[in-house]
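Descriptive structure summary
Below, each chain spelled out in residue letters.
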Amino acid sequence: MSNEVIIQHAVKRYGDFTALHDVSLTIEQGEFFTLLGPSGCGKTTLLRMIAGFNSIEGGDFYFGENRINDVPAHKRDIGMVFQNYAIFPHLTVEENVAYGLKARKVGKEEIERRVKEALELVQILPLAKRKPSELSGGQQQRVALARAFVIEPSVLLMDEPLSNLDAKLRVQMRSIIKKLQRRLGITTIYVTHDQEEALAISDRIAVMNQGRVMQIGTPREIYARPENPFVAGFIGVSNFLNCEVTGCEGGVARVCIKGELDIDVPVRRHCTGEAQLSARPEQLFFAAQGMPGTVLFSTFLGDFIEYEVKLDDGQMLIINEYTKDTATVHEVGERVHIRFDAVRISLYDEAGEVLSR
Amino acid sequence: MTDRPRRKIKLDFWFFVKVIVIFALCLFIVYPFYTILTKSVFSNKVEGVTLYNFQRFFSKKYYYRTLLRSLAICSFTTLFACIIGVFIAYVMTRYNVPGKNFLHVLIILSLMSPPFIGAYSWIVLLGRNGLITRTLTALGFAAPTIYGRNGIIFVFTLHLFPYVYLYTSGAMNSIDVSLEEAAENLGMNKLRRIMTITLPVVLPSILAGCIMVFMTCLADFGTPMLLGEGYTVLPVLVYNEYMSESATDPYMASALSVIIVACSMVMLALQKLVVEKKNYTMSTLRPPQETKLRGMKRFAVSLPVYLILFLALLPQIVVVCQSFVERSFSGVVQGINLNNYRAILSRLGRNIFNTYAFSLAAIVFIVIFGILISYVLVRKKGKAASLIDTLIMFPYVIPGSVLGIGLIVAFNRKPLILVGTAAIMIISYVVRKLPYTVRSGSAFLYQMDPSVEEASINLGVSPMKTFFTMTARMMLPGVMSGAVLSWITCINELSSSIMLYSGKTSTIAVAIYQEVVRMSDGTAAALATILSVTTVISMLIVFRATKGKVKIV
């Protein structure tokens, strides 16, 4: 059986409020797919629709060939890791992990063997007899993980599983989850609002906002080529500037930024008029000539220095300069000129549609 | 969380639970009360629908003074219980009173003991023929009388101050020390700190306790019946109008019931208005530390607590002692023996059996329905759930005697004749105690994350099976400790039993009342001792099971 997950035109409504507008996604077999977005964007709603805990108001959900819209939650054969782990408090660690296997009427010996394997995989076999109240947050997380994949589900769902852990443990668990997913090859759908986590863990990411999918792509694509200002602003840090396309010829647009600086940006289609560009802090640099401004603040962060520069018209820009690339440090109050890496920046038309290639 | 917009009604298990629960609540709460309501606007003196009964109530002193008396008793009791309860709560949470935990258990015990036993044993001490009265008279002093208004207030206060204590000490333990430290840091002296920070923050809890005291007082029947003599209060008047051979007027009794319920509703509305709106949620990082007092100071602080508790528990001690004393009919002591117990076993064995059998049956229903209803209220929100939520609150405002009358007038005719059966006793217990179990059950469910159930469903166990093997199982300990408390109040129940009992379905509480009225002190004491011992054992079980963290309020 194919473990592809296909979602076509999914719609979710709460009364008059539409939480999901016509979302379509295809998640490939064995893929680590992340739904990323700010809180309230609909990512958890969509995940719970896949799990069967939310009703589906429109659209079709398929696991491979099988349409699952009307399959009750307990028959969908999905593993799920909950945000707060949802460990059964009255059962021991191994009873928790065995729970789903018992529901599937797996033989006693096989249950024992598989539970042991699963606990070994998440490195908590010595804790098998403990009660959940005796476990730390990270250990509970591992139990939840083992409990979800031990049933060898066709799909694994994870709802912000790391959000209750401290920063160091989060990074550690993130790599455990990723390696485990690779090893077991389970199609995984992962929900998070943490863009760094999403970039680190995912094969592909769907960035969501206000019930819509804004962009689907690999972490690199999403970071380097945000298809709209929302994605540019949500993933990483972006400087937004108003500009005007004064000419367009041979796939290259002449863009005039605030009437002061002209750059040539490679574009995918002919365009003209008002536009918006976004540039990452590392896509801006100091030069002898360019847009004039004053350094307001500088923060030394080890491998790079982050500058806050105020342009003469009042707009603030964030610029990162890698310490290995430069010997000079700009002082607060210093007059500087800013230029752009025209090949890497993103350009959007007035409707927010991407123009840059 | 759950969301099924405009979907067809699912004919699942929960649908039937909702239907059955709503039907039962309507049948045993709404319908009886509706019958009372309709009866109250009729009279055998006037034709047709009339407000005659209410007119008569508010124009004749014989009637309206009972309301004034009830209000007076409730107000004074609440005031005194508030002073005592807050004082003890403050002292117990802030100072090193010796034997603190034990005292806490004793306070809860004195609350759980049946109120009319207190009244009865104060009669034994301070009644016309009481131990203290006779001693003082022999010494040439005039003994204070326990009968009448002051006696009722005295007994009520000693019995009910634990409500205020429990609410207040709960709140005081949850004040973060840094609040008071901040006030101190800002230059407030100790008294002003208490007045400006501590008191206002715990005030909603104090008020909640006071309202409990007031409502219990208003509804209680046994104490004023035994102690009132000529001083008749509203619930006693209801009983007289309905039960006594001389002046039975079911229409007037119904009107009086409506008036009591109206009073309770006003109190409950007040509670919603004042208490719930002004409740502070605090994150208590550092609970308050107790101040270590020494020597005289410690003694001075602890002594009043011990004295009050001694007075509160004195009735229990007196009753137990009294139960072993055999007296002749004229009250002369015949000897110390077990004859009282022999007498009740031969004569009142049926009452003892009934008490335990009915209460046990009631508890089984209370636990089952308590769990199911809590689940519907918390997890299956909707129109049906909010209807149940409203109906389940009704018994809070309907005093036992009123519910008793309601059940009688509703079920003494076809198609459903229940009067005189064991069923009607059990029904009245279930209906009256169910709200408490539902409240503790839903409180538990609110703090239990629904994702635990979802995890079970997700792992392949059907929602139905998940409920029975997972949710209900996890709820059981919490619900059980609530149920044991309900069990205690059931075995001690008097106000509805006295209305509903028949020769075959009489209980211990009813028998005690009758024995006291017949001046048969010894047997009454033996019966009361049985109840007290059962109460103490049950409470100890709850303390054991909850590791001392029992929630009464």
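Please refer to the structure higher up on the page.
Report on the accompanying structure. (Residues numbered from 1 in each chain as written. Chains lettered and ligands numbered in written order. Predicted model: local features only at pLDDT ≥ 70, side-chain atom pairs only at ≥ 80, totals over all residues. Heavy atoms only, no water.)

Topic: the overall build of chain B
- Counting its secondary structure elements, chain B contains 22 helices and four strands.
- A compact globule built from 553 residues should have a C-alpha radius of gyration of about 24 Å, and chain B, at 25 Å, falls within 12% of that.
- A principal-axis box enclosing the C-alpha atoms of chain B has dimensions of 80 × 70 × 50 Å.
- Going through the 553 residues of chain B one by one, you find that 55% of them count as buried.
- Within chain B, contacts between residues at least 6 apart in sequence are counted, and of these 77% link residues at least 24 apart. (Helix = DSSP H or I, 4+ residues; strand = E, 2+ residues; numbered from the N terminus. Rg over C-alpha atoms; globule rule 2.2 N^0.38 Å. Buried < 20%, exposed > 50% of the residue type's maximum accessible area, 1.4 Å probe, protein only. Contact = heavy atoms within 4.5 Å.)

With respect to the state of the cysteines
- Applying the stated criterion to the full structure yields zero disulfides over all chains.
- Of all cysteine sulfurs, the one in Cys256 of chain A lies closest to Cys243 of chain A, which takes part in no disulfide; the gap is 8.5 Å.
- Here Cys210 of chain B is not cross-linked by a disulfide; its sulfur's nearest cysteine counterpart is in Cys82 of chain B, at 3.6 Å. (Disulfide = S-S within 2.5 Å.)

Points about the interface of chain A and chain B
- The interface of chain A with chain B comprises 26 residues on the first partner and 21 residues on the second.
- Roughly 2000 Å² is buried in total at the junction of chain A and chain B, and carbon and sulfur atoms are behind 59% of that figure.
- Put simply, chain A and chain B have one salt bridge between them.
- Residue Arg48 of chain A is joined to Glu454 of chain B by a salt bridge in which the shortest nitrogen-to-oxygen separation is 2.6 Å. (Buried area = accessible area lost by both parts, 1.4 Å probe. Salt bridge = Lys/Arg side-chain N within 4 Å of Asp/Glu carboxyl O.)

Remarks on the pattern of salt bridges
Residues and elements named next belong to chain A.
- With the rule as written, the count across this model stands at 24 salt bridges over all chains.
- The salt bridge involving Asp77 is made with Arg104; its shortest N-O contact spans 3.2 Å. Of this pair, Asp77 sits in the loop between β5 (66-67) and β6 (78-81) while Arg104 is found in the loop between α2 (93-103) and α3 (108-121), placing the two residues 27 residues apart along the sequence.
- Exposure remark for Arg104: the relative accessible area of 27% places this residue in the partly exposed category.
- Through salt bridges with shared partners, one network takes in Glu110, Arg113, Arg114 and Glu117.

Looking at the environment of Val295 of chain A
- On the secondary structure map, Val295 of chain A appears in strand β16 (residues 291-300).
- When near neighbours in sequence (up to four residues on either side) are disregarded, Val295 of chain A contacts Tyr307, Glu308, Val309, His330, Glu331, Val332, Gly333, Glu334 and Val336 of chain A.

Structural notes on the side chain of Asn209 of chain A
- Take Asn209 of chain A: it is sitting in strand β9 (residues 204-209).
- Apart from residues lying up to four places away in sequence, Asn209 of chain A is in contact with Pro38, Cys41, Met214 and Phe230 of chain A.

Some remarks on helix α7 (residues 149-173) of chain B
Residues and elements named next belong to chain B.
- Over its 25 residues, α7 extends 35 Å from the first C-alpha to the last, a length consistent with the 36 Å expected when each residue adds 1.5 Å.
- The largest bend in α7 is about 40°, located at Leu158, with the proline Pro162 one to four residues further on.
- Most of α7 sits inside the fold, with 20 of its 25 residues counted as buried. (Expected span 1.5 Å × (residues − 1). Bend = angle between axes of the 7 residues up to and from the residue.)

Focus: a nonpolar patch on the surface
Residues and elements named next belong to chain B.
- Residues Leu203, Leu207, Leu270, Leu273 and Val274 make up a contiguous nonpolar surface patch of about 380 Å² in total accessible area.
- Elements that contribute at least two residues to the nonpolar patch include exactly α9 (190-219) and α12 (250-276).
- Per element, the largest residue contribution to the nonpolar patch is three residues, and it comes from α12.
- Inspection of the secondary structure assignment puts Leu273 in helix α12. (Patch = residues over 30% accessible without salt bridge, like charges linked within 9 Å, V, L, I, M, F, W, Y side chains within 5 Å. Areas by Shrake-Rupley, 256 points an atom, 1.4 Å probe, with all protein chains shown as cover.)

A few points about the packing of aromatic side chains
- Tallied over the full model, the rule gives 27 aromatic pairs over all chains.
- Each member of the aromatic cluster is reached from another via a ring pair, and the members are Phe13, Trp14, Tyr375, Phe467 and Phe468 of chain B.
- One cation-aromatic arrangement involves Lys12 of chain A over Tyr14 of chain A; the distance from NZ or CZ to the ring centre is 4.9 Å.
- Its end group placed over the ring of Tyr147 of chain B, Arg128 of chain B keeps NZ or CZ at 4.3 Å from the ring centre. (Phe/Tyr/Trp six-rings, centres within 6.5 Å; stacked < 30°, edge-to-face > 60°. Lys NZ or Arg CZ within 6 Å of the ring centre and 35° of its normal.)

Thoughts on unusual backbone geometry
Residue and element names in this part refer to chain A.
- With phi around 55°, His9 is a residue other than glycine that occupies positive phi space.
- Along the chain, His9 falls in strand β1 (residues 5-14).
- Of the residues examined, His9 reaches a relative accessible area of 48% and is grouped as partly exposed.
- Here the phi dihedral of Gln210 falls at roughly 45°; this positive angle occurs in a residue that is not glycine.

Examining the sheet that holds strand β15 (residues 284-287) of chain A
All names here are of chain A.
- Taken in spatial order, the five strands line up as β15-β19-β16-β17-β18 in an open sheet, and their pairing is antiparallel. The open sheet is flanked by β15 and β18 (316-322), the only strands paired with a single partner. Direction aside, the axes of adjacent strands within the sheet are offset by 50° on average.
- Two strands pair when backbone bridges link them, and β16 and strand β19 (residues 335-340) are joined in this way by four bridges, in the antiparallel orientation. Paired with Gly293 across the strands is Val336, a residue of β19. (Pairing = 2+ DSSP bridges. Axes fitted to C-alpha atoms, helices over the stretch in contact; angles between N-to-C directions.)

Structural notes on the packing of helix α4 (residues 100-112) of chain B against helix α13 (residues 295-323) of chain B
Residues and elements named next belong to chain B.
- Two elements in contact, α4 and α13, have axes separated by 10 Å at closest approach and are oriented at 35°. As for how α4 packs across α13, the hand of that crossing is left-handed. Facing α4, whose interface residues are Leu103, Leu106, Ile107 and Ser110, α13 presents Val305, Tyr306, Leu309, Ala312 and Leu313. (Left-handed = near helix turned anticlockwise from the far one by under 90°.)

Considering the nonpolar core
- Grouped together as the largest cluster of nonpolar side chains are 255 residues, with contacts concentrated most on Leu46 of chain A together with Ile512 of chain B.
- The element that contributes the greatest number of residues to this core is helix α14 (residues 339-379) of chain B, accounting for 16 residues.
- When near neighbours in sequence (up to four residues on either side) are disregarded, Ile512 of chain B contacts Phe116, Ile117, Ala524, Leu527, Ala528 and Leu531 of chain B. (Core = buried A, V, L, I, M, F, W, Y, C linked by side-chain atoms within 4.5 Å.)

Remarks on the environment of Val258 of chain B
Residue and element names in this part refer to chain B.
- Positionally, Val258 belongs in helix α12.
- What makes Val258 buried here is its relative accessible area of 15%.
- It is 7.5 Å that separates the C-alpha atoms of Val258 and Ile36, two residues lying 222 residues apart in sequence.
- Those residues in contact with Val258 that sit more than four places away from it in its chain are Ile36, Leu37, Ser40 and Phe54.

A word on the pairing of strand β17 (residues 304-311) of chain A
Residue and element names in this part refer to chain A.
- Pairing analysis gives seven bridges linking β16 to β17, with the strands arranged antiparallel. Counted as the bridge partner of Ser298 is Tyr307 from β17.
- Connecting β16 to the antiparallel partner β17 that follows it, the hairpin turn spans three residues, and Gly302 within it adopts a positive phi of roughly 90°.
- Here β17 pairs with β18 via seven bridges, running antiparallel. Each bridged residue has a counterpart across the sheet, and for Phe304 the counterpart in β18 is Tyr322.
- Here β17 folds back onto β18 in antiparallel fashion, the turn holding four residues, of which Gly314 has a positive phi close to 105°.

Describing the packing of helix α3 (residues 61-94) of chain B against α4 of chain B
Residue and element names in this part refer to chain B.
- For the pair α3 and α4, interaxial distance at closest approach is 11 Å and the crossing angle is 155°. Considering the angle they form, α3 stands roughly antiparallel to α4. Along this stretch, α3 crosses α4, giving a crossing that reads as left-handed. Across the interface between the two elements, Ile88, Met92 and Thr93 of α3 pack against Lys100, Leu103, His104 and Ile107 of α4. (Parallel < 35°, antiparallel > 145°, perpendicular 65-115°, else oblique.)

Overview of the sheet that holds strand β12 (residues 252-257) of chain A
Residues and elements named next belong to chain A.
- On the basis of which strands lie adjacent, the open sheet formed by five strands has the order β13-β12-β11-β14-β20 and antiparallel pairing. What marks the edges here is a single partner per strand, and that holds for β13 (261-266) and β20 (346-349). On average, each strand axis in the sheet is tilted by 40° relative to the strand beside it, whichever way the strands run.
- With four bridges joining them, strand β14 (residues 273-279) and β20 adopt antiparallel strand pairing. The residue bridging Leu277 from the neighbouring strand is Leu347, located in β20.

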